[in-house]
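Geometric and topological summary
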Amino acid sequence: LGLDADFADGEATYTKVDYRSVFVWRKGDAIKVYDSTCPHQVTNIPELAICENHLTCPKHQWKFDLETGECIEKGNHPLKSFEARVEGGVVQAWW
């Protein structure tokens, strides 16, 4: 997904790899990677949806906590998450 240093602590980053867009959330050493597709109606959530540690889908305003991936407003389905790790200074994820 990118160099470890490219993902700032306490911030979300939107990135594209091949055919997939994802949000990367970093808190200390913890790295979370989420699909950019809303679980409600498969709407792609754009980079502009990031507000601090939350994402809000523009279609129906489902709001997600980036630390957990849980939906915290309007809906009841979490973001799809991917296994991730830092290896040799590079953030990797599997889908």
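So, here's what we can say about the structure.

The rules we used
Positions within a chain are numbered from 1, following the residues in the order the chain's sequence is written. pLDDT decides what is reported in this predicted model: residues at 70 or higher carry local features, side-chain atom pairs at 80 or more are listed and counted, and totals for whole chains, interfaces and linings draw on all residues regardless. Just so you know, side-chain values use all the structure's heavy atoms and leave hydrogens and water out. Any two strands between which DSSP finds at least two bridges are classified as paired. Numbering of helices and strands runs from the N terminus, with a helix taken as a DSSP run of H or I at least four residues long and a strand as a DSSP run of E at least two residues long. Nitrogen and oxygen atoms within 3.5 Å of one another constitute a polar contact, given that in protein one can donate a hydrogen and the other can accept it, and given that sequence-neighbouring residues count only through two side-chain atoms. In this analysis, two residues are considered to be in contact whenever any of their non-hydrogen atoms come within 4.5 Å of each other. Each reported salt bridge corresponds to a side-chain nitrogen of Lys or Arg within 4 Å of a carboxyl oxygen of Asp or Glu. Here the term buried applies to any residue with accessible area under 20% of the maximum for its type, exposed to any over 50%, and partly exposed to those in between, with areas from a 1.4 Å probe on protein chains only. Stacked, tilted and edge-to-face are the three classes assigned to paired rings of Phe, Tyr and Trp, where Trp is represented by its six-membered ring and a pair needs centres within 6.5 Å; plane angles under 30 degrees give stacked, over 60 edge-to-face, the rest tilted.

1. Looking at the pairing of strand 9 (residues 81-87)
Both strand 4 (residues 30-35) and strand 9 contribute to a ladder of 2 bridges, which runs antiparallel. Along strand 9, the bridge assignment pairs Val 33 with Phe 82. Summarising the sheet, strand 9 and strand 10 (residues 90-94) pair through 5 bridges and their orientation is antiparallel. Across the sheet, Val 86 pairs through a bridge with Val 91, a residue of strand 10.

2. Quick look at the side chain of Ser 21
For Ser 21, the location among the structural elements is in strand 3 (residues 20-27). A polar side-chain atom of Ser 21 sits 3.2 Å from a polar atom in the side chain of Tyr 14. Among residues more than four places away in sequence, those in contact with Ser 21 are Tyr 14, Thr 15, Lys 16, Tyr 34, Asp 35, Ser 36 and Asn 44.

3. Looking at the sheet that holds strand 8 (residues 71-73)
Spatial ordering of the open sheet is given by 5-6-7-8, a layout of 4 strands whose pairing is antiparallel. If you trace the sheet from one side to the other, it starts and ends with strand 5 (50-51) and strand 8, each paired once. Across 3 bridges, strand 6 (residues 54-56) lies against strand 7 (residues 63-65) in antiparallel orientation. Bridge pairing in strand 7 places His 54 opposite Asp 65.

4. Focus on the pattern of salt bridges
Two side chains carrying opposite charge are able to pair once their charged atoms lie near each other. Tallied over the entire structure, the rule returns 4 salt bridges. A salt bridge links Arg 20 to Asp 35; its shortest N-O distance comes to 3.3 Å. Of this pair, Arg 20 sits in strand 3 while Asp 35 sits in strand 4; the two residues are 15 residues apart in sequence, bridging distant segments of the chain. Like Arg 20, the residue Asp 35 is buried in the burial classification.

5. Section: the side chain of Asn 53
Note that Asn 53 resides in the loop between strand 5 and strand 6. A distance of 3.2 Å separates the side chain of Asn 53 from the side chain of His 54, its partner in a polar contact. If near-sequence neighbours (up to four positions away) are discounted, Asn 53 is found in contact with Trp 25, Phe 64, Asp 65, Leu 66 and Glu 67.

6. Things to note about the sheet that holds strand 10
Read from one edge to the other, the open sheet built from 6 strands follows the order 1-10-9-4-3-2, with strand pairing classed as antiparallel. Pairing within the sheet leaves two strands with one partner each, and these edge strands are strand 1 (2-3) and strand 2 (11-17).

7. Comments concerning the packing of aromatic side chains
This structure, assessed with the given rule, holds 3 aromatic pairs. Here Phe 82 and Trp 95 contribute two aromatic rings whose centre-to-centre distance is 5.3 Å and whose plane-to-plane angle is 65°, an arrangement assigned as edge-to-face. On the criterion of sequence distance, the pair formed by Phe 82 in strand 9 and Trp 95 in the segment after strand 10 is long-range, its members being 13 residues apart.

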